Amino acid sequence: MHRIIRNIRVMDPSDGFDAVTDLAVAGGRIVARGTLPPDFTAEEVLNGTGLIACPGFIETSFQAHTPGHGRDGDLASELRAAVAGGVTQVLLRPDTLPMADIPAILQEQRVLADRLALANVHLSGALTTQLQGVALTEMAGLAEAGAIAFSQAKEPVLSAALLRLALSYAADLGLPVLLHGEQPELAANGVMHEGRLSIRLGLTGRPAAAEQIGVQRDIAIAALSACPIHFPHLSIAAAVAEVAAARQRGEPVTCGVSIHHLLLTEQDVGFFNLHAKILPPLRAAAERDALRHAIATGAITAISSDHSPWGVDREGMTFTQAPFGIAAVEWLLPLALRLMDEGVLDLMTVLNLLSVGPAQALGLPVPSLAVGATADLCIFDPESYFTVEPGRQWSRGRNLPYGQWELRGQVRYTLVAGRMVFRG
């Protein structure tokens, strides 16, 4: 469809462009940014006054439970949630049921994603069979089936020798690896951050040192093969510092952080709040503030919603029994704008961390709104305020700790390759 968006503020972190202008879209691409071609005829004209257009966001950690039993959502429900949040590309995590550790599972995911035609779906293959860290998957077969990366989801690889071999194979295949950096023996079965609060609540703690040691080890092993690795959800400043030091040495290592670790702390666990149970766990306020400093200085290059939906049948569980995860992909932008409102980041940096940074970590083309670029757009109203009401989101996940928060920045339109996939 030929479409014109008039008088809209275009913010493109790929080249720093920021101006109120017109955008023209046709054939799935941006055909004009500014002066329109004299012979361009639009089938639809959108009024962009007061709105902002930016590249669609990329989610690096997306659990859609496909394949799965469906009680906690599926690819259809969770992709609808994603595009409602301006997310135009997602990387599926491999911890599905059954797990994405054989080509047939990836082929099933691709067929369904193509049928839905919502966000662009990228596939990740499990690095080890059943994510158990015992044996490698048929990595070449997974790559042939469409995997753009290998991932351990939320499981570490205990064997250093096996991890070295896996990273060497991934390097030969030219694909990045997403790692959960944690020393499993130290982490044990901890369900929240190890500290005074975990002791007071009588819950098994997960020490910050487990993450620092795990990340340090994984970086050292990755250096032996020069395989690009990405830590999508770090939670402590010491681990981020390890990544920053590796990058200074010229090693292909990047890291991201979930929006939850930038906004919440262990205190949000409160009195056994299941909706604040996440892996890695929410840390102390000092760690949250240190992560904010790291993201402002560029040590962290991506923000994720770390989308992990769980349905209502999990509500009756104890804190120890309940699964880890928060479902918030459709609120990713409004939550990230809190960082702007609190003086942590400017708007262009927020948009960069939601689009350019994730693309670079995954080896994807950098999203852009330049002429000729694929028309993956998020169009939002930065002054539209709303209250989060659990149960009224697109996702089937009910594990959302932001109920009754007042946020701003509602997404009005999401376009994928020029197709309108969401109108809000």
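- In the nomenclature of an unreviewed UniProt entry, the protein corresponds to Dihydroorotase from the organism Acidithiobacillus ferrivorans.

1. Quick notes on the nonpolar core
Right, so step 1: Residues Phe 231 and Ile 303 are the most contacted members of the largest nonpolar core, which totals 107 residues.
Right, so step 2: Shared between two domains, this core holds at least three residues of each, these being domain 1 (2-52 + 374-384 + 407-423) and domain 2 (56-368).
Right, so step 3: In this structure, Phe 231 is in contact with Leu 179, Gly 181, Val 215, Asp 218, Ile 219, Val 243, Val 253, Thr 254, Cys 255 and Gly 256, ignoring residues within four places of it in sequence.

2. Overview of the packing of aromatic side chains
Right, so step 1: Scanning the model with the defined rule gives four aromatic pairs in all.
Right, so step 2: Ring geometry for Phe 271 against Phe 272: centres 5.0 Å apart, planes inclined by 70 degrees, an arrangement best described as edge-to-face.
Right, so step 3: Classification of Phe 272 as partly exposed rests on a relative accessible area of 31%.
Right, so step 4: Between Trp 331 and Phe 386, the ring centres sit 5.5 Å apart and the planes meet at 35 degrees, which makes this aromatic pair tilted. One end of the pair, Trp 331, is in the loop between β15 (302-304) and α11 (332-341); the other, Phe 386, is in strand β16 (residues 377-387), and 55 residues separate them in sequence.
Right, so step 5: Residue Trp 331 is classed as buried on the basis of its relative accessible area of 14%.
Right, so step 6: Its relative accessible area of 11% is what places Phe 386 among the buried residues.

3. Quick look at the domain arrangement of the protein
By a widespread convention, an interface's size corresponds to the accessible area lost as its parts come together.
Right, so step 1: Domains assigned within the protein are domain 1 (2-52 + 374-384 + 407-423) and domain 2 (56-368).
Right, so step 2: Between the C-alpha centres of domain 1 and domain 2 there is a distance of 30 Å.
Right, so step 3: Each partner contributes residues to the interface: domain 1 has 24 residues there, and domain 2 has 28 residues.
Right, so step 4: Roughly 2000 Å² is buried in total at the junction of domain 1 and domain 2, and carbon and sulfur atoms are behind 67% of that figure.
Right, so step 5: Broken down residue by residue, the surface that domain 1 buries against domain 2 is led by Pro 13, Leu 407 and Arg 408, which jointly contribute 31%.
Right, so step 6: The salt bridge involving Asp 341 is made with Arg 408; its shortest N-O contact spans 2.7 Å.
Right, so step 7: For the pair domain 1 and domain 2, the number of links is seven residue pairs in polar contact (both at pLDDT 80 or more).
Right, so step 8: In terms of residue count, the dominant contributor to the side of domain 1 that touches domain 2 is strand β17 (residues 406-416) (seven residues).

4. Looking at unusual backbone geometry
Right, so step 1: The omega torsion across Thr 66 and Pro 67 is 5 degrees, close enough to zero to call that bond cis.
Right, so step 2: For the bond from Leu 279 to Pro 280, the omega torsion is -5 degrees, close enough to zero to count as cis.
Right, so step 3: Among the secondary structure elements, Pro 280 is positioned in the loop between α9 (259-263) and α10 (285-296).
Right, so step 4: Backbone geometry at Leu 131 places phi at a positive 55 degrees, although glycine is not the residue there.
Right, so step 5: Take Leu 131: it is sitting in the loop between β8 (120-126) and α3 (139-144).
Right, so step 6: Non-glycine residue Asp 306 carries a positive phi angle of around 45 degrees.
Right, so step 7: In this fold, Asp 306 is placed in the loop between β15 and α11.

5. Here's the deal with the sheet that holds β8
Right, so step 1: With parallel pairing, the eight strands of this open sheet are ordered in space as β6-β7-β8-β9-β10-β13-β14-β15. In the strand order of this sheet, the two ends are held by β6 (57-62) and β15, each with one partner.
Right, so step 2: Direction of pairing for β6 relative to strand β7 (residues 87-92): parallel, over a ladder of four bridges. Bridging across to β7, Glu 59 finds its partner in Val 90.
Right, so step 3: Along the sheet, helix α7 (residues 208-222) contacts β13 (229-231) and β14 (253-258); its crossing angle with β13, the most-contacted strand, is approximately 170 degrees.

6. Quick word on the layout of surface pockets
Right, so step 1: Within this model, the largest pocket holds a volume of roughly 680 Å³.
Right, so step 2: Along the walls of the largest pocket sit 36 residues, with Arg 93, Asp 95, Lys 154, Glu 155 and Phe 324 positioned nearest its centre.
Right, so step 3: Its residues assigned to classes, the lining of the largest pocket shows 15 nonpolar, 12 polar and nine charged.
Right, so step 4: For the second largest pocket, the calculated volume is near 320 Å³.
Right, so step 5: Elements with a minimum of two residues in the lining of the second largest pocket: β16 and β17.
Right, so step 6: Here the lining of the second largest pocket gets four residues from one element, more than from any other, and that element is β17.

Parameters and conventions
Residues numbered from 1 in each chain as written. Predicted model: local features only at pLDDT ≥ 70, side-chain atom pairs only at ≥ 80, totals over all residues. Heavy atoms only, no water. Core = buried A, V, L, I, M, F, W, Y, C linked by side-chain atoms within 4.5 Å. Buried < 20%, exposed > 50% of the residue type's maximum accessible area, 1.4 Å probe, protein only. Domains from an automatic or database assignment. Contact = heavy atoms within 4.5 Å. Phe/Tyr/Trp six-rings, centres within 6.5 Å; stacked < 30°, edge-to-face > 60°. Helix = DSSP H or I, 4+ residues; strand = E, 2+ residues; numbered from the N terminus. Buried area = accessible area lost by both parts, 1.4 Å probe. Salt bridge = Lys/Arg side-chain N within 4 Å of Asp/Glu carboxyl O. Polar contact = N/O pair within 3.5 Å; in protein donor to acceptor, adjacent residues only side chain to side chain. Pairing = 2+ DSSP bridges. Axes fitted to C-alpha atoms, helices over the stretch in contact; angles between N-to-C directions. 1 Å grid on protein atoms, 1.4 Å probe; cavity = no way out; pocket = protein on both sides within 12 Å on 5 of 7 lines; lining within 4 Å. Points joined across faces, edges and corners; volume = space filled by probe spheres on them. Nonpolar A, V, L, I, M, F, W, Y, C, P; charged D, E, K, R; others polar.

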